Amino acid sequence: MAFELPNLPYDYDALAPYMSRETLEYHHDKHHLAYVTNGNKLAEEAGLSDLSLEDIVKKSYGTNQPLFNNAGQHYNHVHFWKWMKKGGGGTSLPGKLDAAIKSDLGGYDKFRADFIAAGAGQFGSGWAWLSVKNGKLEISKTPNGENPLVHGATPILGVDVWEHSYYIDYRNARPKYLEAFVDNLINWDYVLELYEAAAK
């Protein structure tokens, strides 16, 4: 199926001051659009354009790097926009998610510290993740456009640590961006939706 650039699920000003209109205009309208355009061309050339996005990501991993880069980043960004909302973040998690974070990750404070550390510690471009693997939550980081799908896990939350995601608003202060993301932007309802689907 052809990749399509989704509309943002909020206005371009909705995430300010934690993520600016300018960042969203560049990140969504230019960077994500490029992954869609290039991904469609490369998927067609590889004869994989009829597959689902998840299958294209898995099939191109380790076999077709240009396609994987663009398909992986498209998958990551389709969810990234939904992982944020105005008035998000903080410690008021849905009960089921809160219980899982306590049992699997040692509680919210430890999750927050470890998730931020994963993003801050990713050398160069990449992502930090909260995923379900073998029925348990785990935190990880990946380089470039890679994601937990290709490591046998299902991502339920991810944060983009490519510089284009934060440099306009935070310059080189990546940890400050990650703190703002966790404390003020995470859409925990969407994380719960993905968690329930992955835990089935």
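So, how was this worked out
- Residues numbered from 1 in each chain as written.
- Predicted model: local features only at pLDDT ≥ 70, side-chain atom pairs only at ≥ 80, totals over all residues.
- Heavy atoms only, no water.
- Core = buried A, V, L, I, M, F, W, Y, C linked by side-chain atoms within 4.5 Å.
- Buried < 20%, exposed > 50% of the residue type's maximum accessible area, 1.4 Å probe, protein only.
- Helix = DSSP H or I, 4+ residues; strand = E, 2+ residues; numbered from the N terminus.
- Domains from an automatic or database assignment.
- Contact = heavy atoms within 4.5 Å.
- Buried area = accessible area lost by both parts, 1.4 Å probe.
- Salt bridge = Lys/Arg side-chain N within 4 Å of Asp/Glu carboxyl O.
- Polar contact = N/O pair within 3.5 Å; in protein donor to acceptor, adjacent residues only side chain to side chain.
- Nonpolar A, V, L, I, M, F, W, Y, C, P; charged D, E, K, R; others polar.
- Pairing = 2+ DSSP bridges.
- Axes fitted to C-alpha atoms, helices over the stretch in contact; angles between N-to-C directions.

A few points about the nonpolar core
By size, the foremost hydrophobic cluster in this structure holds 45 residues, and its most contacted members are Phe80, Leu157, Phe181 and Trp188. Every element with two or more residues in this core is listed here: helix H3 (65–82), helix H4 (95–105), helix H5 (108–121), strand E1 (126–133), strand E3 (154–160), helix H7 (174–184) and helix H8 (188–198). Among the elements that take part in this core, H8 stands out by supplying 6 residues, more than any other. In this structure, this core is formed jointly by two domains, domain 1 (19–81) and domain 2 (93–197), each of which donates at least three residues. If near-sequence neighbours (up to four positions away) are discounted, Phe80 is found in contact with Met19, His27, Trp127, Gly158, Val159, Asp160, Ser165, Tyr177 and Phe181. Ile56, Val57, Ala71 and Tyr75 belong to the second largest nonpolar core, which has 14 residues in total.

Considerations on the domain arrangement of the chain
Often, the extent of an interface is quoted as the loss of accessible area upon association of its parts. The domain architecture assigned to the chain consists of domain 1 (19–81) and domain 2 (93–197). Placing a centre on the C-alpha atoms of domain 1 and another on those of domain 2 gives a separation of 19 Å. Listed as interface residues are 20 residues of domain 1 and, on the opposing side, 23 residues of domain 2. A buried area of about 1,800 Å², summed over both sides, lies between domain 1 and domain 2, and 63% of it is on carbon and sulfur atoms. Taken together, the links from domain 1 to domain 2 amount to 0 salt bridges. The tally of links between domain 1 and domain 2 comes to 10 residue pairs in polar contact (both at pLDDT 80 or more). Split into classes, the residues belonging to the side of domain 1 that touches domain 2 amount to 8 nonpolar, 9 polar and 3 charged.

Details of the sheet that holds E3
Read from one edge of the open sheet, 3 strands run E2-E1-E3, paired in antiparallel fashion. The sheet is open, and its two edges are formed by strand E2 (136–143) and E3, each paired on a single side. Mean inter-strand twist for the sheet, computed between neighbouring axes without regard to direction, equals 20 degrees. For E1 and E3, the ladder comprises 6 bridges, and the chain directions are antiparallel. Counterpart to Ser131 in the pairing with E3 is Pro155. The sheet contacts of H5 involve E1, E2 and E3, and relative to E2 the element is tilted by about 15 degrees.

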